[in-house]
Amino acid sequence: MFTLFKDTLVSQVVTLWKVFAKILVKADTVQYPEEQPYMFPRWRGRIILSRDPDGEERCVACNLCAVACPVDCIALQKTEDEEGRWYPEFFRINFSRCIMCGFCEEACPTNAIQLTPDFEMAEYVRQDMVWEKEDLLISGTGKYHDYSFYNVCGKKIGGKDKGEAQNEAVPVNVRSLLP
Amino acid sequence: MTWEVGSPLSIISILAVVIVVAAMLIWVERRLLSFWQERLGPNRVGYFGLLQVVADMIKIFYKEDWIPPFADKFGFVLAPAIIMMVILLSFAVVPFAPGVGVIDSNIGVLFMLAMASLGAYSVMLGGLSSNNKYALLGALRATAQMVSYEVFMGISLLGVVALSGSFNLREIVLAQQDGWYVIPQFVGFVIFLIAGIAESHRLPFDIPEAEQEICAGYHTEYSGMKFGMFFVGEYLGLVLISSLITVLFFGGWLGPAFLPPIIWFSIKVFCFIGFFILLRAAVPRPRYDQLMSYGWLVLLPISLINLLVTAAIILSMQ
Amino acid sequence: MIILFYLAGAVALISTVAVILQSNIVHALIYLILSLLAVAVVFYTLGAPFAAVLEAIVYAGAIMVLFLFVIMMLNLGKFSVDQEKSWTSGRVMLVPAIMSAILLAQLINVLRNYEHSIDVVEVGVLEVSALLFGPYVLAVELASILLLAGLVSAYHLAKK
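On a predicted model such as this, the values are computed, not experimentally measured, just so you know.

## A word on the overall build of chain A
A tally of regular secondary structure across chain A gives five helices and five strands. The N-to-C order of helical and strand elements in chain A reads α-β-α-β-β-α-β-β-α-α. Relative to its length of 179 residues, chain A is extended, with a C-alpha radius of gyration of 27 Å against a globular reference of 16 Å. Looking at chain A alone, contacts between residues at least 24 apart form 69% of all its contacts between residues at least 6 apart.

Encoded structure:
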């Protein structure tokens, strides 16, 4: 009888009191437009294309981001400059389809495509949600400041032969008998 | 134009104040709920979000007023009107202060009970004529709940009626000058409170419109101003139950003389409205069969025993 | 008050006729509720507020709710409306209409010879209760025994 009383009446009254006491607790709400919330650096928001420390664009048009994208919102076309270096002729992201999953960033071998903490990208016209390369490309390095793909990869381009990258050994001469 | 019971000034101001208060409760409830849930609630439209009600009203007026082609139009249109009429009629017998009221009826308590029982038709017709399974389920639950809890509501009141010896709400208030009836009739008060919540189907007893189970219950198919009438009707019912508790158990307008009677009445009513909103914030919804068996197996015996004991004590005192 | 009486009486009569002629059973029930409420107003105008309110609470508020409740459970569709329509068509209604017309004529004939006036005597709650628990206490107890029998049998049926 006592347990029944305790489980029903007393517990209800305690609940009511505890909820009532919450009126003194400060609200968790952030008043957004006046009061900007702190956005974490790894927050997945607007997508950008970054440049390497030399100011060259990092994207090598490998299409891995377009393949990884689950909603197929990335479209790009590869082309080469006179030095043999690959770059995208156009790079288009349809943000009305993008779900900000970050798979493209994970797939990118050159840290070119990155997600930023910016989320204020609403538009009145749907067509304005399609961003071209000049909209996406920023002048900085994004989250990875010292990384430059062609300086660590073995690929030969104009001005840099094989074996001239950082931490890279000179290619083995297969025609020689020396160790 | 004088303040007396039944004067046009009295009637018009009661109607206006009651409807405005009921509409403002939409904002009050959202604000209070958000404070109890560590949020801020609507605070953008006007100072402290006070004009939120106006915004809501504009929205609800401009919404499409859709009558489903499969619905029974007669009942569908009639249902929201019934709840508004019935509850506003109930306010006719409520004594707000000396000289403020619509009628001074000798059968006030009974009239209020009659109107409460007629209120069941609103939800029944609304659910039945919507021709929708969720609406039908909601209406079934609402009917069973309202018809059963009417019984306990009536019986729990009889203790007060026996103590004051009158069905007249104004005389019941005057009879409480020596002490509020909440002290001798505490059991009756608790039962009336529970039955009142069930009667106005507010949370935690909002089983007829339990969103998680049956969509929106009996008003699933309603939209626009018809839904708005159900919505405001619910808040009107909240105000009505709070004022009845105040009148029957907490001495109505009586209070120390440094404040006018109508202020005392409003303070008491708002305390109970706040309590109802707190109940909504804190208490979970019981299951349907639990509600029914709780009513018939616990509340009915207790209220009958309460009445019996009250009557015996009154007889022995004579 | 006397205008109110005749008005409520007219509403009661019209809505009762509508109950019979209405083919949709839910609409018929709404008219029946309206008729009961009109009768309650008639009681009130005749000086019996307690009876009026009881009419509203018990008949309109409880019994008709149960009627509507049963209708809700039965899930009557268009079929029942059509059936009802065929029953209230002209030919079928002819004989009952004639018979009730004869009864109505007789009733009017009887009432015509009555000399009566509506003199309102206020019968409040106290008077009714004093009568119920005074001279008619046996009838009240018998009615309560009848209700108890009904309750027990309903419990038995529900238990099965």
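From this point on, the discussion continues.
## Remarks on the nonpolar core
With 119 residues, the main nonpolar core has Phe91, Tyr121 and Ile245 of chain B as its most contacted residues. When residues in this core are grouped by element, the largest group, 14 residues, is from helix α4 (residues 108-130) of chain B. Those residues within four positions of Tyr121 of chain B in sequence are excluded, and the remaining contacts are Ile82 and Gly126 of chain B together with Ile33, Ala60, Gly61, Met64, Val65 and Leu68 of chain C. With 25 residues, the next largest nonpolar core counts Leu76, Cys98, Leu115 and Met121 of chain A among its residues.

## What about the interface of chain B and chain C?
Contacts between chain B and chain C engage 23 residues on the former and 21 residues on the latter. Between chain B and chain C, the buried area comes to about 2000 Å², and carbon and sulfur atoms account for 85% of it. The tally of links from chain B across to chain C stands at zero salt bridges. At the junction of chain B and chain C, the tally comes to three residue pairs in polar contact (both at pLDDT 80 or more).

## Digging into helix α11 (residues 288-317) of chain B
Across its 30 residues, α11 of chain B extends 42 Å between first and last C-alpha, which sits within 8% of the 44 Å expected from 1.5 Å per residue. The sharpest bend along α11 of chain B measures roughly 35 degrees and falls at Gly295 of chain B.

## Things to note about the interface of chain A and chain B
Of the residues lining the interface, 16 residues belong to chain A; the matching set on chain B comes to 14 residues. Interface of chain A and chain B: buried area, both sides summed, is about 1300 Å²; carbon and sulfur atoms make up 61% of it. Here chain A is connected to chain B by two salt bridges. We note a salt bridge from Glu38 of chain B to Lys22 of chain A, for which the minimum N-O separation is 2.8 Å. Remark: the boundary between chain A and chain B carries six residue pairs in polar contact (both at pLDDT 80 or more). Per-class residue counts for the side of chain A that touches chain B are eight nonpolar, four polar and four charged.

## As for the pairing of strand β2 (residues 74-80) of chain A
Residue and element names in this part refer to chain A. In this structure, β2 lies alongside strand β3 (residues 86-94), joined through seven bridges in antiparallel fashion. Paired with Lys78 across the two strands is Pro88, which belongs to β3. What sits between the antiparallel neighbours β2 and β3 is a turn of five residues, in which Gly84 has the positive phi angle 90 degrees.

## Considerations on the packing of aromatic side chains
Residue and element names in this part refer to chain B. Under the definition given, this model contains 28 aromatic pairs over all chains. Relative to Trp296, the ring of Phe152 lies with its centre 5.3 Å away and its plane at 80 degrees, an arrangement referred to as edge-to-face. Of the two residues, Phe152 sits in helix α5 (residues 133-164) while Trp296 sits in helix α11, which places them 144 residues apart along the sequence. Through pairs of rings, three or more aromatic residues link up here, namely Trp180, Phe186, Phe189, Phe192, Phe249, Phe250 and Phe272. One cation-aromatic arrangement involves Lys133 over Tyr134; the distance from NZ or CZ to the ring centre is 5.8 Å.

## A few points about the sheet that holds β3 of chain A
Read across the sheet, three strands follow the order β2-β3-β5 (chain A) without closing on themselves; strand pairing throughout is antiparallel. For this open sheet the edge positions go to β2 and β5 (130-131) of chain A, each flanked by a neighbour on one side alone.

## A look at the pattern of salt bridges
Residues and elements named next belong to chain B. What the rule picks out here adds up to 18 salt bridges over all chains. Among the ionic pairs, Arg30 bridges to Asp56, the shortest N-O distance being 3.5 Å. Of this pair, Arg30 sits in helix α1 (residues 8-36) while Asp56 sits in helix α2 (residues 52-62), and the two are 26 residues apart along the sequence. Between Asp206 and Arg285 there is a salt bridge; the shortest N-O distance is 2.7 Å.

## Focus on the arrangement of the chains
If you rank the two pairs of chains in contact by how many contacts each has, first place goes to chains B and C. No part of chain A reaches chain C; the closest C-alpha pair between them is 28 Å apart.

## Brief notes about the side chain of Ser200 of chain B
Residues and elements named next belong to chain B. Note on placement: Ser200 falls in the loop between α7 (186-199) and α8 (211-214). With relative accessibility at 12%, the residue Ser200 sits in the buried group. If we ignore the near neighbours within four places in the chain, the residues touching Ser200 are Glu234, Gly237 and Ile241.

## Looking at unusual backbone geometry
Residue and element names in this part refer to chain B. Even without glycine at this site, Phe48 takes up a positive phi of about 55 degrees. Along the chain, Phe48 turns up in the loop between α1 and α2. Its relative accessible area of 60% is what places Phe48 among the exposed residues. Look at Asn131: it is not a glycine, yet its phi comes out positive at around 60 degrees. Relative to the assigned elements, Asn131 resides in the loop between α4 and α5.

## Observations regarding the environment of Gly102 of chain A
All names here are of chain A. Relative to the assigned elements, Gly102 resides in the loop between β3 and α3 (103-107). Sequence spacing of Gly102 and Arg42 is 60 residues, and the spatial spacing of their C-alpha atoms is 10 Å. Excluding residues within four positions of it along the chain, Gly102 makes contact with Arg44 and Leu115.

## Here we look at the side chain of Lys133 of chain A
Residues and elements named next belong to chain A. With respect to the helices, strands and loops of the structure, Lys133 is situated in helix α4 (residues 133-136). A polar side-chain atom of Lys133 sits 2.8 Å from the main-chain carbonyl oxygen of Pro88. Residue contacts for Lys133: discarding those within four places in its chain leaves Leu49, Glu57, Tyr87, Pro88 and Phe91.

## Some remarks on the pairing of β3 of chain A
In terms of strand pairing, β3 of chain A meets β5 of chain A through two bridges, oriented antiparallel. By the bridge assignment, Asn94 of chain A is partnered in β5 of chain A with Val130 of chain A.

## Observations concerning the confidence of the model for chain B
Predicted confidence across chain B gives a mean pLDDT of 85, with 99% of residues reaching 70 or more. Both confidence scores are given for the complex: pTM 0.81, ipTM 0.81.

## Quick look at helix α1 (residues 2-21) of chain A
The end-to-end C-alpha separation of α1 of chain A is 26 Å, in line with the 28 Å expected for 20 residues at 1.5 Å each. If you look at α1 of chain A, its biggest bend is around 35 degrees, right at Val10 of chain A.

## Some remarks on a nonpolar patch on the surface
Residue and element names in this part refer to chain C. A surface patch of nonpolar side chains, about 830 Å² in accessible area, is lined by Leu131, Leu132, Phe133, Tyr136, Val137, Leu138, Leu142 and Ile145. Among the elements of the structure, α6 (125-132) and α7 (137-159) are those that each provide at least two residues to the nonpolar patch. Ranked by residues supplied to the nonpolar patch, first place goes to α7 with four residues. Mapping Val137 onto the fold places it in helix α7. Since its relative accessible area comes to 33%, Val137 is described here as partly exposed.

The rules behind each value
Positions within a chain are numbered from 1, following the residues in the order the chain's sequence is written. A letter from A marks each chain and a number from 1 marks each ligand, given out in the order of writing. Confidence filtering applies because this is a predicted model: local features only for residues at pLDDT of at least 70, side-chain atom pairs given and counted only at 80 or more, and all residues used for totals across whole chains, interfaces and linings. With hydrogens and water set aside, each side-chain value is computed from the structure's full complement of heavy atoms. The way it works is that DSSP assigns letters per residue, a run of H or I at least four long becomes a helix, a run of E at least two long becomes a strand, and they are numbered from the N terminus. Radius of gyration: C-alpha atoms only; globule rule: 2.2 Å multiplied by the number of residues to the exponent 0.38. Two residues qualify as a contact provided that any one of their heavy atoms is within 4.5 Å of a heavy atom in the partner residue. The set of buried Ala, Val, Leu, Ile, Met, Phe, Trp, Tyr and Cys residues whose side-chain atoms join them within 4.5 Å is what this entry labels a nonpolar core. Buried means the residue's accessible area, taken with a 1.4 Å probe over protein chains only, is under 20% of the maximum for its type, while exposed means over 50%, and partly exposed covers the values in between. Joining two parts hides part of their accessible area as seen by a 1.4 Å probe, and the buried area is that hidden amount summed over both. Salt bridge, as used here: a side-chain nitrogen of Lys or Arg that lies within 4 Å of a carboxyl oxygen of Asp or Glu. Polar contact criterion, stated in full: a pair of N or O atoms within 3.5 Å, where within protein one must be able to donate a hydrogen and the other to accept it, and residues adjacent in sequence count only if both atoms are side-chain atoms. Multiplying 1.5 Å by the helix residue count minus one yields the expected span of that helix. Bend at a given residue is defined as the angle between two axes, one fitted to the seven residues that end at that position and one fitted to the seven that begin there. As a working rule, the residues Ala, Val, Leu, Ile, Met, Phe, Trp, Tyr, Cys and Pro are called nonpolar, Asp, Glu, Lys and Arg charged, and the rest polar, with Gly in that last group. Whether two strands pair depends on DSSP finding at least two bridges between them. Classification of ring pairs rests on two measures: the distance between centres of Phe, Tyr or Trp rings, Trp counted by its six-membered ring, which must be within 6.5 Å, and the angle between planes, read as stacked under 30 degrees, edge-to-face over 60 and tilted in between. In this scheme, the term charge over a ring applies when either NZ of a lysine or CZ of an arginine sits within 6 Å of the ring centre and within 35 degrees of the ring normal. A score from 0 to 100, pLDDT tells how confident the predictor is in each residue. Surface patches are defined over residues having more than 30% relative accessible area and no salt bridge, joining like charges when they lie within 9 Å and nonpolar side chains (Val, Leu, Ile, Met, Phe, Trp, Tyr) when within 5 Å. Only the protein chains shown count as cover for residues, and the accessible areas themselves come from Shrake-Rupley with a 1.4 Å probe.

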